[in-house]
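# Descriptive structure summary
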Amino acid sequence: MEPKENNKNWFNDLCKNAIFRRNELRKKALQNTSDECIREFEEQRKLTNKVLRREKRLLEKKKIEEIEVNRYNAKKFFKMTGEVKVGFKPQTHPTQDRK
């Protein structure tokens, strides 16, 4: 099987560090179930989610600005709007009969 292509252009070092920190605090909270550890993990989880949403939002704004720049170039305009409009599309894997 070939490696999956990463389409997360918004995922940067800031996101990676936030997720790493969240995972470390989760491990710590699972080992030590004190209220302080759990509270610290929950705060980091909220912060991580904010960071991820912000980065996604910034990428969407950047794409929209790029589309607005190309509004008089019909080919680029409709190609880019189609990419934004499609959204998430799961891969389908047909099943095969095994003999």
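Everything numeric here is computed off the predicted structure, so don't read it as measured data. (Residues numbered from 1 in each chain as written. Predicted model: local features only at pLDDT ≥ 70, side-chain atom pairs only at ≥ 80, totals over all residues. Heavy atoms only, no water.)

## Some words on the overall build of the chain
Looking only at helices and strands, the chain has three helices and zero strands in total. Taking the intrachain contacts of the chain between residues at least 6 apart in sequence as the baseline, contacts between residues at least 24 apart amount to 44%. On the chain, roughly 9,600 Å² of surface is accessible, and the fraction owed to carbon and sulfur atoms is 50%. (Helix = DSSP H or I, 4+ residues; strand = E, 2+ residues; numbered from the N terminus. Contact = heavy atoms within 4.5 Å. Areas by Shrake-Rupley, 256 points an atom, 1.4 Å probe, with all protein chains shown as cover.)

## Re the packing of aromatic side chains
Applying the stated criterion across every chain yields a total of two aromatic pairs. Arranged with centres 5.7 Å apart and planes meeting at 70 degrees, the rings of Trp10 and Phe11 form a pair that is edge-to-face. (Phe/Tyr/Trp six-rings, centres within 6.5 Å; stacked < 30°, edge-to-face > 60°.)

## Topic: the pattern of salt bridges
With the rule as written, the count across this model stands at four salt bridges. The partner of Glu43 in a salt bridge is Arg39, and the shortest N-O contact between them spans 3.1 Å. With Glu43 and Arg39 both in helix α2 (residues 35-69) and four residues apart, this pair spans about one turn of that helix. Residue class for Glu43 comes out partly exposed when judged on its relative accessible area of 45%. A salt bridge links Glu55 to Arg54; its shortest N-O distance comes to 4.0 Å. (Salt bridge = Lys/Arg side-chain N within 4 Å of Asp/Glu carboxyl O. Buried < 20%, exposed > 50% of the residue type's maximum accessible area, 1.4 Å probe, protein only.)

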